[in-house]
Amino acid sequence: MKKIDVHAHSTMWGDNLPTFGTPLISPEKLKERYNELNIEKGFILPLLSPESRNFVQSNEEIEYIANNNADTFFWFCNIDARMGGNNKESDLSKLLNYYKEKGAKGVGEITANMYIDEPFMDNLFYHCEKCEMPVTIHMSPEKYGCYGVIDDLGLGRLEKMLKKYPKLKILGHSQCFWSEIDSGVTVENRNGYPKGKVVEGAVIRIMRECPNLYCDLSAGSGYNALSRDEDFAYKFIEEFGERLLFGTDFYMPAQNILLAEWLDAAYKNSCITEENYKKICRENAIKIFDLKGE
Ligand SMILES: [Zn+2]
(Lines give C-alpha, C1' and ligand atoms only; values in the text may rest on other atoms or scores of the structure.)
Protein backbone atom coordinates (compact mmCIF):
# COMPACT_ATOMS: atom_id res chain seq x y z
CA MET A 1 0.00 0.00 0.00
CA LYS A 2 1.31 3.41 -0.94
CA LYS A 3 1.57 6.14 1.65
CA ILE A 4 0.47 9.76 1.64
CA ASP A 5 2.89 12.26 3.17
CA VAL A 6 1.09 15.09 5.00
CA HIS A 7 4.21 17.20 5.59
CA ALA A 8 6.96 18.04 3.09
CA HIS A 9 8.81 21.08 1.82
CA SER A 10 10.32 21.74 -1.58
CA THR A 11 11.55 24.64 -3.66
CA MET A 12 11.94 25.29 -7.34
CA TRP A 13 14.93 27.57 -6.68
CA GLY A 14 17.31 24.76 -5.77
CA ASP A 15 20.74 26.08 -4.86
CA ASN A 16 19.80 29.68 -5.58
CA LEU A 17 18.71 30.33 -2.03
CA PRO A 18 20.81 31.41 0.96
CA THR A 19 20.79 28.07 2.76
CA PHE A 20 24.49 28.10 3.70
CA GLY A 21 25.36 24.53 2.91
CA THR A 22 22.01 22.83 3.36
CA PRO A 23 20.85 21.71 -0.08
CA LEU A 24 17.08 21.86 -0.43
CA ILE A 25 14.98 19.29 -2.21
CA SER A 26 13.56 20.08 -5.65
CA PRO A 27 10.12 18.80 -6.68
CA GLU A 28 11.80 16.34 -9.11
CA LYS A 29 14.07 14.93 -6.43
CA LEU A 30 11.20 14.73 -3.95
CA LYS A 31 9.26 12.63 -6.45
CA GLU A 32 12.28 10.33 -6.78
CA ARG A 33 12.48 9.91 -3.02
CA TYR A 34 8.72 9.25 -2.88
CA ASN A 35 9.11 6.44 -5.45
CA GLU A 36 11.92 4.93 -3.41
CA LEU A 37 9.82 5.08 -0.23
CA ASN A 38 6.58 3.89 -1.81
CA ILE A 39 4.84 7.21 -1.18
CA GLU A 40 2.16 7.99 -3.73
CA LYS A 41 1.35 11.58 -2.87
CA GLY A 42 2.43 14.36 -0.57
CA PHE A 43 1.53 17.80 0.68
CA ILE A 44 3.98 20.66 0.17
CA LEU A 45 3.87 23.23 2.97
CA PRO A 46 5.20 26.75 2.35
CA LEU A 47 7.84 28.07 4.77
CA LEU A 48 6.49 31.55 4.88
CA SER A 49 7.34 33.20 8.21
CA PRO A 50 10.89 34.58 8.50
CA GLU A 51 11.57 32.86 11.83
CA SER A 52 12.20 29.44 10.32
CA ARG A 53 14.71 29.92 7.48
CA ASN A 54 16.97 32.38 5.69
CA PHE A 55 14.44 32.71 2.92
CA VAL A 56 10.70 33.14 2.71
CA GLN A 57 8.53 31.06 0.39
CA SER A 58 5.34 32.32 -1.18
CA ASN A 59 2.07 30.47 -1.36
CA GLU A 60 2.28 31.05 -5.10
CA GLU A 61 5.59 29.14 -5.43
CA ILE A 62 4.06 26.13 -3.68
CA GLU A 63 0.84 26.36 -5.68
CA TYR A 64 2.94 26.45 -8.86
CA ILE A 65 4.93 23.35 -7.84
CA ALA A 66 1.76 21.45 -6.97
CA ASN A 67 -0.07 22.43 -10.14
CA ASN A 68 2.89 21.37 -12.27
CA ASN A 69 3.12 18.02 -10.50
CA ALA A 70 -0.55 17.40 -9.85
CA ASP A 71 -0.04 13.63 -10.08
CA THR A 72 2.04 13.73 -6.89
CA PHE A 73 1.57 16.90 -4.88
CA PHE A 74 -1.16 18.61 -2.94
CA TRP A 75 -0.42 21.90 -1.21
CA PHE A 76 -1.13 23.93 1.86
CA CYS A 77 -1.27 27.69 1.90
CA ASN A 78 0.38 29.42 4.80
CA ILE A 79 -0.89 32.47 6.60
CA ASP A 80 1.18 34.45 9.05
CA ALA A 81 -1.20 35.86 11.67
CA ARG A 82 0.31 39.32 11.03
CA MET A 83 -0.75 39.34 7.39
CA GLY A 84 -3.46 41.69 6.25
CA GLY A 85 -2.04 44.82 7.85
CA ASN A 86 -0.50 43.54 11.12
CA ASN A 87 -3.91 43.83 12.66
CA LYS A 88 -5.30 41.34 15.16
CA GLU A 89 -8.74 41.73 13.66
CA SER A 90 -7.76 41.19 10.02
CA ASP A 91 -10.35 39.39 7.96
CA LEU A 92 -8.11 36.41 7.24
CA SER A 93 -11.11 34.47 5.86
CA LYS A 94 -10.75 36.52 2.73
CA LEU A 95 -7.20 35.22 2.24
CA LEU A 96 -8.00 31.68 3.35
CA ASN A 97 -10.96 31.38 0.99
CA TYR A 98 -8.87 32.77 -1.85
CA TYR A 99 -6.28 30.00 -1.43
CA LYS A 100 -8.90 27.35 -0.66
CA GLU A 101 -10.60 28.09 -3.96
CA LYS A 102 -7.23 27.70 -5.69
CA GLY A 103 -6.89 24.22 -4.19
CA ALA A 104 -5.03 24.64 -0.89
CA LYS A 105 -6.01 21.81 1.46
CA GLY A 106 -4.85 23.24 4.76
CA VAL A 107 -2.78 25.93 6.46
CA GLY A 108 0.80 25.69 7.69
CA GLU A 109 3.11 24.77 8.87
CA ILE A 110 2.76 27.70 11.22
CA THR A 111 6.28 28.72 12.25
CA ALA A 112 5.67 32.27 13.52
CA ASN A 113 7.26 32.61 16.97
CA MET A 114 4.15 33.91 18.75
CA TYR A 115 2.24 32.61 21.77
CA ILE A 116 -0.35 30.19 20.47
CA ASP A 117 -3.15 31.95 22.38
CA GLU A 118 -2.19 35.58 21.74
CA PRO A 119 -4.77 37.76 19.94
CA PHE A 120 -3.11 37.44 16.51
CA MET A 121 -3.03 33.63 16.66
CA ASP A 122 -6.53 33.60 18.10
CA ASN A 123 -7.70 35.55 15.07
CA LEU A 124 -5.95 33.13 12.69
CA PHE A 125 -7.52 30.09 14.36
CA TYR A 126 -10.92 31.76 14.39
CA HIS A 127 -10.75 32.24 10.62
CA CYS A 128 -9.29 28.78 9.94
CA GLU A 129 -12.19 27.21 11.80
CA LYS A 130 -14.67 29.39 9.95
CA CYS A 131 -13.16 28.43 6.55
CA GLU A 132 -12.88 24.75 7.54
CA MET A 133 -9.15 24.65 6.94
CA PRO A 134 -7.02 22.25 9.07
CA VAL A 135 -3.86 23.78 10.50
CA THR A 136 -0.42 22.21 11.03
CA ILE A 137 1.59 23.86 13.79
CA HIS A 138 5.27 23.75 14.68
CA MET A 139 5.44 24.26 18.45
CA SER A 140 8.30 26.02 20.19
CA PRO A 141 9.38 26.53 23.80
CA GLU A 142 10.01 30.24 23.96
CA LYS A 143 10.35 33.61 22.31
CA TYR A 144 13.52 33.99 20.19
CA GLY A 145 16.22 31.54 19.24
CA CYS A 146 13.70 29.11 17.79
CA TYR A 147 10.65 29.09 15.54
CA GLY A 148 7.05 28.04 15.90
CA VAL A 149 4.08 28.88 18.07
CA ILE A 150 4.95 29.07 21.75
CA ASP A 151 3.42 27.11 24.59
CA ASP A 152 4.51 26.34 28.14
CA LEU A 153 5.43 22.96 29.55
CA GLY A 154 2.18 20.97 29.64
CA LEU A 155 0.70 22.54 26.47
CA GLY A 156 -2.07 24.36 28.36
CA ARG A 157 -2.34 27.13 25.79
CA LEU A 158 -2.77 24.64 22.92
CA GLU A 159 -5.50 22.92 24.92
CA LYS A 160 -7.23 26.27 25.48
CA MET A 161 -7.29 26.99 21.74
CA LEU A 162 -8.50 23.48 20.84
CA LYS A 163 -11.41 23.95 23.24
CA LYS A 164 -12.14 27.48 22.05
CA TYR A 165 -12.30 26.31 18.41
CA PRO A 166 -13.70 22.77 18.64
CA LYS A 167 -14.37 22.46 14.90
CA LEU A 168 -10.82 23.46 13.97
CA LYS A 169 -8.56 20.49 13.24
CA ILE A 170 -5.07 21.19 14.58
CA LEU A 171 -2.19 18.89 13.60
CA GLY A 172 0.49 18.95 16.29
CA HIS A 173 4.12 18.68 15.23
CA SER A 174 7.73 19.32 16.37
CA GLN A 175 9.90 18.43 19.37
CA CYS A 176 7.94 20.57 21.84
CA PHE A 177 4.75 18.83 20.87
CA TRP A 178 6.03 15.27 20.80
CA SER A 179 8.17 15.40 23.94
CA GLU A 180 4.87 15.94 25.80
CA ILE A 181 3.84 12.37 25.02
CA ASP A 182 5.66 11.68 28.31
CA SER A 183 4.84 13.29 31.65
CA GLY A 184 8.55 13.24 32.56
CA VAL A 185 9.38 15.99 30.03
CA THR A 186 11.28 18.96 31.47
CA VAL A 187 11.98 22.56 30.48
CA GLU A 188 15.53 21.42 29.64
CA ASN A 189 14.67 18.58 27.27
CA ARG A 190 11.29 19.57 25.82
CA ASN A 191 12.78 21.02 22.64
CA GLY A 192 14.87 17.91 21.97
CA TYR A 193 14.42 14.20 21.49
CA PRO A 194 14.05 12.71 24.96
CA LYS A 195 14.49 8.96 25.18
CA GLY A 196 13.25 6.26 27.51
CA LYS A 197 10.02 4.75 28.74
CA VAL A 198 6.89 6.86 28.40
CA VAL A 199 4.41 7.64 31.14
CA GLU A 200 1.26 9.25 29.69
CA GLY A 201 1.87 12.97 29.28
CA ALA A 202 -0.02 16.06 28.12
CA VAL A 203 -0.38 14.89 24.50
CA ILE A 204 -2.32 11.82 25.65
CA ARG A 205 -4.51 13.80 28.04
CA ILE A 206 -5.32 16.47 25.44
CA MET A 207 -5.93 13.88 22.68
CA ARG A 208 -8.55 12.31 24.98
CA GLU A 209 -10.17 15.63 25.80
CA CYS A 210 -10.02 17.30 22.41
CA PRO A 211 -11.23 15.26 19.42
CA ASN A 212 -10.02 18.06 17.13
CA LEU A 213 -6.34 17.44 17.93
CA TYR A 214 -4.49 15.35 15.33
CA CYS A 215 -0.86 14.24 15.34
CA ASP A 216 1.59 14.83 12.50
CA LEU A 217 4.15 12.02 12.87
CA SER A 218 6.71 13.63 10.56
CA ALA A 219 10.35 14.46 11.27
CA GLY A 220 12.69 13.14 13.96
CA SER A 221 10.28 14.29 16.67
CA GLY A 222 7.38 12.09 15.57
CA TYR A 223 9.66 9.13 14.99
CA ASN A 224 11.36 9.59 18.36
CA ALA A 225 8.02 9.72 20.18
CA LEU A 226 7.07 6.31 18.78
CA SER A 227 10.43 4.56 18.78
CA ARG A 228 11.57 5.59 22.30
CA ASP A 229 9.11 3.19 23.89
CA GLU A 230 7.59 0.83 21.35
CA ASP A 231 5.19 -0.91 23.72
CA PHE A 232 3.73 2.46 24.59
CA ALA A 233 3.65 3.45 20.91
CA TYR A 234 1.59 0.39 19.96
CA LYS A 235 -0.97 1.25 22.64
CA PHE A 236 -0.95 4.90 21.55
CA ILE A 237 -1.69 3.81 17.97
CA GLU A 238 -4.43 1.45 19.15
CA GLU A 239 -6.17 4.28 21.00
CA PHE A 240 -5.63 7.15 18.56
CA GLY A 241 -5.17 5.45 15.15
CA GLU A 242 -7.96 7.64 13.73
CA ARG A 243 -5.99 10.84 14.36
CA LEU A 244 -2.36 10.00 13.54
CA LEU A 245 -0.89 10.88 10.15
CA PHE A 246 2.24 9.74 8.34
CA GLY A 247 4.59 12.51 7.27
CA THR A 248 8.23 13.03 6.33
CA ASP A 249 9.09 16.72 6.76
CA PHE A 250 11.35 16.35 3.73
CA TYR A 251 13.31 19.49 2.96
CA MET A 252 16.70 18.04 1.98
CA PRO A 253 17.38 15.37 -0.66
CA ALA A 254 19.36 13.07 1.65
CA GLN A 255 16.95 12.60 4.51
CA ASN A 256 16.36 9.31 6.26
CA ILE A 257 12.69 8.63 6.73
CA LEU A 258 12.87 6.21 9.63
CA LEU A 259 9.16 6.49 10.38
CA ALA A 260 8.24 4.70 7.12
CA GLU A 261 10.35 1.66 8.05
CA TRP A 262 9.12 1.75 11.64
CA LEU A 263 5.45 1.67 10.61
CA ASP A 264 6.06 -1.06 8.01
CA ALA A 265 7.84 -3.22 10.59
CA ALA A 266 5.19 -2.63 13.26
CA TYR A 267 2.52 -3.80 10.81
CA LYS A 268 4.54 -6.76 9.49
CA ASN A 269 5.23 -7.97 13.02
CA SER A 270 1.55 -7.60 13.94
CA CYS A 271 2.30 -4.97 16.59
CA ILE A 272 -0.31 -2.67 15.03
CA THR A 273 -3.47 -3.68 13.17
CA GLU A 274 -3.84 -3.53 9.40
CA GLU A 275 -6.71 -1.11 9.92
CA ASN A 276 -4.58 1.34 11.91
CA TYR A 277 -1.60 0.94 9.57
CA LYS A 278 -3.78 1.91 6.59
CA LYS A 279 -5.37 4.79 8.46
CA ILE A 280 -2.05 6.29 9.53
CA CYS A 281 -0.26 5.78 6.21
CA ARG A 282 -3.05 6.93 3.98
CA GLU A 283 -6.72 6.85 4.90
CA ASN A 284 -6.71 9.51 7.61
CA ALA A 285 -5.16 11.99 5.16
CA ILE A 286 -7.84 11.22 2.56
CA LYS A 287 -10.55 11.75 5.16
CA ILE A 288 -9.21 14.84 6.90
CA PHE A 289 -8.22 16.67 3.71
CA ASP A 290 -11.19 15.42 1.72
CA LEU A 291 -9.11 13.85 -1.06
CA LYS A 292 -11.68 11.33 -2.28
CA GLY A 293 -11.45 11.16 -6.04
CA GLU A 294 -8.22 13.15 -6.23
ZN1 LIG B 1 8.22 21.12 8.30
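Above this text sits the structure in question.
An account of the accompanying structure is given in this report.

**Quick look at the pattern of salt bridges**
Step number 1: Tallying each qualifying case throughout the model produces 26 salt bridges.
Step number 2: One salt bridge in this structure joins Glu 200 and Arg 208, with 2.9 Å as the shortest N-O distance.
Step number 3: Using a relative accessible area of 43% as the deciding quantity, one classes Arg 208 as partly exposed.
Step number 4: It is possible to trace a salt-bridge network through shared partners that takes in Asp 117, Asp 152, Arg 157 and Lys 160.

**Concerning the environment of Glu 40**
Step number 1: Within the element layout of this structure, Glu 40 appears in strand E2 (residues 39–44).
Step number 2: On the accessibility criterion, Glu 40 (32% relative accessible area) is partly exposed.
Step number 3: Taking the C-alpha atoms as reference points, Glu 40 and Val 56, 16 residues apart in sequence, are found 27 Å from one another.
Step number 4: At a separation of 2.7 Å, a polar atom in the side chain of Glu 40 contacts the side chain of Arg 282.

**Overview of the packing of aromatic side chains**
Step number 1: For the structure shown, the criterion picks out 14 aromatic pairs.
Step number 2: A ring pair is formed by Phe 43 and Phe 74, whose centres lie 5.1 Å apart and whose planes are at 35 degrees; its orientation type is tilted. In this pair, Phe 43 sits in strand E2 while Phe 74 sits in strand E3 (residues 73–75), placing the two residues 31 residues apart along the sequence.
Step number 3: Take Phe 74: its relative accessible area is 7%, and that puts it in the buried class.
Step number 4: Plain terms: the ring middles of Phe 76 and Phe 289 are 5.5 Å apart, the flat faces sit at 55 degrees to each other, and that makes the pair tilted. Of the two residues, Phe 76 is situated in the loop between E3 and helix H3 (92–101) and Phe 289 in the segment after helix H11 (274–288); the sequence distance between them amounts to 213 residues. With respect to burial, Phe 76 and Phe 289 carry one shared label: buried.

**Some thoughts on the coordination of the zinc ion**
Ideal geometry at a metal gives 109.5 degrees between four tetrahedral donors and either 90 or 180 degrees between six octahedral ones.
Step number 1: Here the zinc ion is held by His 7 (NE2), His 9 (NE2), Glu 109 (OE) and Asp 249 (OD), and the distances to it run 1.9 to 2.3 Å.
Step number 2: Taken together, the 4 donor atoms coordinating the zinc ion span angles of 86 to 172 degrees at the metal, a pattern that classifies the geometry as irregular.
Step number 3: Within one chain, the residues serving as donors to the zinc ion are arranged as H-x1-H-x99-E-x139-D. In this pair, His 9 sits in the loop between strand E1 (3–8) and helix H1 (27–36) while Glu 109 sits in strand E4 (residues 107–110), placing the two residues 100 residues apart along the sequence. We note that His 9, like Glu 109, is buried.

**Overview of the sheet that holds E2**
Step number 1: Read from one edge of the open sheet, 3 strands run E1-E2-E3, paired in parallel fashion. The open sheet has two free edges, formed respectively by E1 and E3, since each of these has just one partner strand. For this sheet the average axis-to-axis angle between neighbouring strands, irrespective of direction, equals 25 degrees.
Step number 2: Strand direction decides the pairing type here: E1 and E2, joined by 4 bridges, are parallel. In the sheet register, Ile 4 faces E2, and the bridge partner there is Lys 41.
Step number 3: Lying on the sheet, helix H2 (residues 59–68) is in contact with E2 and E3; it crosses E3 at an angle near 155 degrees.

**Remarks on the side chain of Asp 249**
Step number 1: For Asp 249, the position within the fold is in the loop between strand E9 (244–245) and helix H10 (258–268).
Step number 2: This buried residue, Asp 249, is left without a salt bridge; Arg 53 holds the nearest opposite charge, at 6.7 Å.
Step number 3: Aside from chain neighbours lying at most four places away, what touches Asp 249 is Asp 5, His 7, Ala 8, His 9, Glu 109, His 173, Ser 218, Ala 219 and Gln 255.

**Brief notes about the pairing of strand E8 (residues 213–216)**
Step number 1: The two faces of E8 match: Leu 213 and Cys 215 on one face and Tyr 214 and Asp 216 on the other face are all buried.
Step number 2: As judged from the 2 bridges shared by E8 and E9, these two strands associate in the parallel manner. Across the sheet, the residue bridging to Cys 215 is Leu 244, located in E9.

**Section: helix H5 (residues 156–164)**
Step number 1: Buried residues of H5: Leu 158, Glu 159, Met 161 and Leu 162, and no others. Axial view of H5: buried residues confined to an arc of 165 degrees, hence all on one face.
Step number 2: As for H5, its buried residues are in contact with helix H4 (119–130), strand E5 (135–140), strand E7 (170–173), helix H6 (175–178), helix H7 (202–209) and E8.

**Brief notes about unusual backbone geometry**
Step number 1: Of note, the bond from Gly 108 into Glu 109 is cis; its omega dihedral lies within 30 degrees of zero at 0 degrees.
Step number 2: With a phi close to 55 degrees, Ser 270 is a non-glycine residue in the positive phi region.
Step number 3: Looking at the secondary structure, you find Ser 270 in the loop between H10 and H11.

**Concerning the state of the cysteines**
Working definition of a disulfide: a covalent bond connecting the sulfur atoms of two cysteines.
Step number 1: Counted under the stated rule, the structure contains 0 disulfides.
Step number 2: The thiol of Cys 131 is unpaired, and the distance to the nearest cysteine sulfur, on Cys 128, comes to 7.2 Å.
Step number 3: Free cysteine Cys 271: the closest other cysteine sulfur is in Cys 281, separated by 14 Å.

Cut-off values and rules
- Residues numbered from 1 in each chain as written.
- Predicted model: local features only at pLDDT ≥ 70, side-chain atom pairs only at ≥ 80, totals over all residues.
- Heavy atoms only, no water.
- Salt bridge = Lys/Arg side-chain N within 4 Å of Asp/Glu carboxyl O.
- Buried < 20%, exposed > 50% of the residue type's maximum accessible area, 1.4 Å probe, protein only.
- Helix = DSSP H or I, 4+ residues; strand = E, 2+ residues; numbered from the N terminus.
- Polar contact = N/O pair within 3.5 Å; in protein donor to acceptor, adjacent residues only side chain to side chain.
- Phe/Tyr/Trp six-rings, centres within 6.5 Å; stacked < 30°, edge-to-face > 60°.
- Donors = N, O, S within 2.8 Å, 3.2 Å for Na, K, Ca; no water.
- Tetrahedral: all angles 85-135°; square planar, octahedral: opposite > 155°, others 65-115°.
- Pairing = 2+ DSSP bridges.
- Axes fitted to C-alpha atoms, helices over the stretch in contact; angles between N-to-C directions.
- Contact = heavy atoms within 4.5 Å.
- Lys, Arg positive; Asp, Glu negative; His and termini not counted.
- Arc of directions from axis to C-beta.
- Disulfide = S-S within 2.5 Å.

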